[in-house]
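Single-letter residue listing:
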Amino acid sequence: MGEVSATEPEQGGTGAGDEPVIATRALTKRYRGGQLAVDGLDLTVPAGSVFGFLGPNGSGKTTTIRMLMGLIEPTSGTARVLGQPMPRATRAVLPHVGALIEGPALYGFLSGRDNLVRYDSADPAADPRTRRARVAAALDRVGLTAAAGKKAKAYSLGMKQRLGLAAALLQPRRLLVLDEPTNGLDPQGMREIRTLVRELASDGTTVFLSSHLLDEIEQVCTHAAVMAQGRLITQGPVAELSAGARGRLAVTTPDTAEAARVLKEQGVGDVVVTDDRVTGEPPDRDLAEVTAALVTAGVRVRGLTVERASLEDAFVALTGEGFDVAG
Amino acid sequence: MSRADPSAPQGRGELREEPQTARTRRTTFRASLLGNELLTTFRRWRTLALLAVLAAVPVLVGIAVKVETGDGSSAGPGGGGGGPAFLSQITNNGLFLVFTALAATVPFFLPMAVGVVAGDALAGEANSGTLRYLLVAPAGRGRLLLTKYATVVVFCVTATLVVAVSALTVGALLFPLGDLTTISGTRIGFAEGLGRALLIALAVAASLIGVAALGLFVSTLTGSGIAAMATTVGLLITVQILDQIPQLHALQPYLFSHYWLSFADLMREPVYWDDLTKNVELQALYAAVFGSAAWARFTTKDITA
Ligand SMILES: Nc1ncnc2c1ncn2[C@@H]1O[C@H](COP(=O)(O)OP(=O)(O)OP(=O)(O)O)[C@@H](O)[C@H]1O
Ligand SMILES: [Mg+2]
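Looking up chain B in an unreviewed UniProt entry gives the name ABC transporter permease, with the organism given as Streptomyces indiaensis.

An unreviewed UniProt entry lists chain A under the name ABC transporter ATP-binding protein, from Streptomyces indiaensis.

Structure follows, in structure tokens:
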């Protein structure tokens, strides 16, 4: 896997193991109304990653997922999922993919359990003899066993979301596509989803997760991509993305003036003094030297850290501060 | 694996480790989606309400005839004259209520019920968003469409039988049963009469196949279940009206409702097959045309709901 850059996505290896789970080339979708929703997308999701798919409202995340799942035909470009072309190979690919797209959709007049039975029977690769056990296990996994007999129309938003997740987890999957999975969940629910995602990832399932909750992405994702107005802005390991928005060197000291002088000498740019803290852009040289220089100059250092930029900083830096949805 | 799955080009071995029994297993799977679809359809409150309305028609007709003839006179003008509605014969033989009830429901109630179920089949799933989950399950678009059509056809048969069985029950409760006179004036035994009633029910069910295909096609066009149901029922009414306009008689043999009352010919001795055959042919034509149109539309459609 290794590094994946935005402009030059890694060519999938020939071995099945390191072939990307999702690979799109110049994927483009223009809806019938003329709306260009996804524009020349080159996305590469490495196998085994937990991949965060970010972007402001209307940036084309759901549209991309629909193309990956074979629900809509790309206007141009190609999409490969699990090594096979979509939407042509849906029958072979989708039994290995669990998906939650744009929130759950349920049959209100059926019980939670019967909803799952229905979705399970729609999968030709699912053995009807083990259906009951599969459904029970999926219900248990999302904590709905007690409410399984209740009609789905009587479910709360979070319960519906959980049931949708259960449907995605009916089978052991190689890829899980989750479009805003924590929508409507209570804090416990969100934590459980994170735990679940980590569990699945450690079992080798690749998880493709779209979300607006950046700290959530930061907590669970190994990789991320950022979309804006249908275009891919960047993709790569999460650590690199937030590093892209450069962390800041922060020195806590009562001798701020002296510290600022020394730091400038040491090549720290954009030095800012606030109360008892001096911050700046970290220099290229070894931080040990900076520390030594501070100490030699008699600066009483209480703490010296490089504060990692949050993914949120990176996201805002990439997509802009503006609140309005792009037309 | 692409050998077992022709729709999966360039299949990679690692994707599907299916045993050799795949083919036989897959047939059970198909049946199983159909089974689930039937269960889901017939558990719907709306389906049950439609069937209840259909079951009520013979009850109303039966009671009306009973009340009308409570003084001992026979119903209808001319008495015993026959005619496609068989109304006048009911008092002599409850079995005729089956024929009357089918004749009363075939122009509107039965096709309307079929139109509602067929129109909602895919549009309703699109409306509720469940369609996308069926498709990523993956149900397969062709497989899902066939399942839906099969279910609508089962509903056609069920709806017709509900009318027939309800009529037979009411007829047996309110009127005497026994030998009966055909339209041609010959007499046949009660057992053969029952057989004819069953044949008539099947002929009526077959009459509905065209509406079913039309409704399913409309259902692929829209993402709103209500719109699809309304369009189908609207088309049904329009066609019925067109079939009544004398100036359009050149067109009328191609309207799906044109031979709907041909089932009465099963009560002739010998049976007059011409119109019955034409009806079945016409329904098959509608099923082929609108079935193909539905296939073309549904297998290529963008599912965004
Ligand atoms: N069915 C549709 N027909 C026409 N245009 C559409 C359709 N669905 C989405 N769009 C348009 O495509 C663009 C991308 O929408 P999409 O739903 O993919 O965004 P998103 O990134 O999922 O947004 P959100 O974060 O709000 O879910 C938007 O401009 C939207 O208006
Ligand atoms: Mg979305």
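Picking up after the structure, the text goes on.
Engineer: Talk me through the overall build of chain A; I want residue IDs and the actual numbers.
Structural biologist: Scanning chain A from terminus to terminus reveals 11 helices and 15 strands. Across the 327 residues in chain A, those meeting the buried criterion constitute 53%. Summarising the internal contacts of chain A: among those between residues at least 6 apart in sequence, 67% fall at separations of at least 24. Only carbon and sulfur atoms are counted for the fraction: they give 50% of the accessible area of chain A, which is about 14200 Å².

Engineer: Describe the interface of chain A and chain B, and please don't skip the residues or the numbers.
Structural biologist: Often, the extent of an interface is quoted as the loss of accessible area on bringing the components together. Contacts between the two partners involve 53 residues from chain A and, on the opposite side, 42 residues from chain B. Taken together, the two surfaces of chain A and chain B that pack against each other cover about 3900 Å², and 52% of this comes from carbon and sulfur. The interface formed by chain A and chain B holds 18 residue pairs in polar contact (both at pLDDT 80 or more) in total. Top contributing element to the side of chain A that touches chain B by residue count: helix α3 (residues 112-122) of chain A, with 6 residues. Taken together, the residues of the side of chain A that touches chain B sort by class into 29 nonpolar, 8 polar and 16 charged.

Engineer: I'd like a rundown of the site of ligand 1, residues and numbers included.
Structural biologist: Among the 15 residues in the neighbourhood of ligand 1, the closest are listed as N57, G58, K61, T62 and T63 of chain A. Among the chains of the assembly, those with residues near ligand 1 are chains A and B. Residue G60 of chain A places a main-chain N or O atom 3.0 Å away from an oxygen atom belonging to ligand 1. One of the side-chain nitrogen or oxygen atoms of T62 of chain A is found 2.6 Å away from an oxygen atom of ligand 1. Expressed as a share of its isolated accessible area of 640 Å², the protein-covered part of ligand 1 is 71%. Counting residues per element, the shell around ligand 1 draws most heavily on helix α1 (residues 61-68) of chain A, which supplies 4 residues. Here the residues of the shell around ligand 1 are counted per class, giving 3 nonpolar, 9 polar and 3 charged.

Engineer: Give me the lowdown on the sheet that holds strand β7 (residues 97-100) of chain A, citing residues and values where you can.
Structural biologist: All names here are of chain A. Taken in spatial order, the 6 strands make up an open sheet running β7-β8-β9-β4-β10-β11, and their pairing is mixed. Both edges of this open sheet fall to β7 and β11 (231-237), since each of them pairs with a single strand only. Going across the sheet, the axis of each strand differs from the next one's by a mean of 10°, ignoring polarity. Note: strand β4 (residues 50-54) against strand β9 (residues 206-210), 4 bridges, orientation parallel. Note that in β9 the partner of F53 across the bridge is S210. Lying over the sheet, helix α5 (residues 157-168) contacts β7 and β8 (175-179), oriented at roughly 165° with respect to β7.

Engineer: Can you lay out the packing of aromatic side chains for me, pointing to particular residues and giving the numbers?
Structural biologist: All names here are of chain B. Using the criterion set out here, one finds 12 aromatic pairs over all chains in the structure. Centroid distance F256 to Y286: 5.5 Å. Interplanar angle 90°. Geometry classified as edge-to-face. Of this pair, F256 sits in the loop between α9 (225-242) and α10 (274-300) while Y286 is found in helix α10, placing the two residues 30 residues apart along the sequence. Given a relative accessible area of 2%, F256 falls into the buried group.

Engineer: Provide a residue-level description of the side chain of Q240 of chain B, including the pertinent values.
Structural biologist: All names here are of chain B. Among the secondary structure elements, Q240 is positioned in helix α9. According to the relative accessible area criterion, Q240 is buried, its value standing at 17%. Within the structure, the side chain of Q240 is placed 3.4 Å from the side chain of S257, a separation counted as a polar contact. When residues no more than four places from it in sequence are discounted, the contact partners of Q240 are P107, F108, S257 and W260.

Engineer: Hey, could you go over the confidence of the model for chain B for me, with residue numbers and the actual values?
Structural biologist: All names here are of chain B. When pLDDT is averaged along chain B, the result is 82; 84% of the residues meet or exceed 70. The least confident element of chain B, judged by mean pLDDT, is helix α1 (residues 22-42) at 69; the most confident is helix α5 (residues 130-136) at 94. Long-range and interchain partners of residues 1-20, a stretch whose pLDDT sits below 50, account for 42 contacts in this model, where long-range means more than four residues apart. Segment residues 74-84 is flagged for pLDDT under 50; beyond a separation of four residues in sequence, or across chains, it makes 12 contacts in the model. In the model output, the complex is listed with pTM 0.81 alongside ipTM 0.80.

Engineer: Lay out empty space enclosed by the protein in plain terms, naming residues and giving numbers.
Structural biologist: What the rule picks out here adds up to 4 cavities of 30 Å³ or more. Lining the largest cavity are 16 residues, with E37, T41, R44, A121 and K148 of chain B sitting closest to its centre. Grouping the constituent residues of the lining of the largest cavity by class yields 4 nonpolar, 5 polar and 7 charged. Here the second largest cavity defines a volume of roughly 120 Å³. Taken together, 14 residues form the lining of the second largest cavity, with Y119, A167 and R173 of chain A together with Y133 and A137 of chain B sitting closest to its centre. Every element with two or more residues in the lining of the second largest cavity is listed here: β7, α3 and α5 of chain A together with α5 of chain B. Of the residues forming the lining of the second largest cavity, the biggest block, 3 residues, is contributed by β7 of chain A. Tallied by class, residues from the lining of the second largest cavity come to 9 nonpolar, 2 polar and 3 charged.

Engineer: I'd like a description of the sheet that holds strand β15 (residues 303-307) of chain A, backed by residues and values.
Structural biologist: All names here are of chain A. Strand order in the open sheet formed by 4 strands is β13-β14-β12-β15, and the pairing between neighbours is antiparallel. Since the sheet does not close on itself, it has two edges, and those belong to β13 (269-274) and β15, each with one partner. This sheet shows a mean twist of 20° between the axes of neighbouring strands, independent of strand direction. Pairing of strand β12 (residues 248-252) with strand β14 (residues 277-281) involves 4 bridges; the strand directions are antiparallel.

Conventions and cut-offs
Residues numbered from 1 in each chain as written. Chains lettered and ligands numbered in written order. Predicted model: local features only at pLDDT ≥ 70, side-chain atom pairs only at ≥ 80, totals over all residues. Heavy atoms only, no water. Helix = DSSP H or I, 4+ residues; strand = E, 2+ residues; numbered from the N terminus. Buried < 20%, exposed > 50% of the residue type's maximum accessible area, 1.4 Å probe, protein only. Contact = heavy atoms within 4.5 Å. Areas by Shrake-Rupley, 256 points an atom, 1.4 Å probe, with all protein chains shown as cover. Buried area = accessible area lost by both parts, 1.4 Å probe. Polar contact = N/O pair within 3.5 Å; in protein donor to acceptor, adjacent residues only side chain to side chain. Nonpolar A, V, L, I, M, F, W, Y, C, P; charged D, E, K, R; others polar. Near = heavy atom within 4 Å. Pairing = 2+ DSSP bridges. Axes fitted to C-alpha atoms, helices over the stretch in contact; angles between N-to-C directions. Phe/Tyr/Trp six-rings, centres within 6.5 Å; stacked < 30°, edge-to-face > 60°. pLDDT = per-residue confidence, 0-100. 1 Å grid on protein atoms, 1.4 Å probe; cavity = no way out; pocket = protein on both sides within 12 Å on 5 of 7 lines; lining within 4 Å. Points joined across faces, edges and corners; volume = space filled by probe spheres on them.

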